[in-house]
Amino acid sequence: MYTTINENGILNNYSTEPKLYYAEYPTKKQQNRYVFQGVVAVLFVSSIVLIALGVS
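Calculation rules
- Residues numbered from 1 in each chain as written.
- Predicted model: local features only at pLDDT ≥ 70, side-chain atom pairs only at ≥ 80, totals over all residues.
- Heavy atoms only, no water.
- Helix = DSSP H or I, 4+ residues; strand = E, 2+ residues; numbered from the N terminus.
- Rg over C-alpha atoms; globule rule 2.2 N^0.38 Å.
- Buried < 20%, exposed > 50% of the residue type's maximum accessible area, 1.4 Å probe, protein only.
- Pairing = 2+ DSSP bridges.
- Patch = residues over 30% accessible without salt bridge, like charges linked within 9 Å, V, L, I, M, F, W, Y side chains within 5 Å.
- Areas by Shrake-Rupley, 256 points an atom, 1.4 Å probe, with all protein chains shown as cover.
- Salt bridge = Lys/Arg side-chain N within 4 Å of Asp/Glu carboxyl O.
- Expected span 1.5 Å × (residues − 1).

Visitor: Explanation requested: the overall build of the protein in the structure shown.
Guide: Helix and strand counts for the protein come out as one helix and two strands. Counting helices and strands in the order they occur from the N terminus, the protein gives β-β-α. For a compact globule of 56 residues, the expected C-alpha radius of gyration is about 10 Å, and the protein comes in at 25 Å, more than 25% above that figure. Summarising its shape, the C-alpha atoms of the protein cover approximately 65 × 40 × 10 Å along the three principal directions. The buried share among the 56 residues of the protein stands at 0%.

The structure is reproduced here in structure tokens:
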């Protein structure tokens, strides 16, 4: 972190910028896991909606 002072004496603190990197394309195993998580999320939300409709 470095600090600068302007002509009015106000301090400005600047943080160091993180090192940039490019995202890697997910592997087939990760893609399958994302699909599984999506299916579980859809089932969870639809079951909540159906329960709410049943109760009301």
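Visitor: Can you walk me through the pairing of strand E2 (residues 11–14) in this structure?
Guide: Residues in a regular strand project their side chains so that they alternate between the two faces of the sheet. Taken together, the four bridges between strand E1 (residues 2–5) and E2 define a ladder with antiparallel strand orientation. By the bridge assignment for E2, Thr4 is matched with Asn12. Turn length for the E1-E2 hairpin, with the two strands adjacent in sequence and antiparallel, is five residues, and the turn residue Gly9 shows positive phi of about 85°.

Visitor: Quick question: what am I supposed to make of a nonpolar patch on the surface here?
Guide: A cluster of nonpolar residues, Phe44, Val45, Ile48, Val49, Leu50 and Leu53, forms a patch on the protein surface that exposes about 610 Å² of accessible area. Relative to the helices and strands, Leu53 resides in helix H1 (residues 28–55).

Visitor: What's the story with H1 in this structure? I'm lost.
Guide: An α-helical segment advances 3.6 residues per turn. Residues three or four places apart therefore align on the same side. Between its first and last C-alpha, H1 extends 41 Å over 28 residues, near the 40 Å set by a 1.5 Å rise per residue. By the criterion of burial, H1 is predominantly exposed, with just zero of the 28 residues buried.

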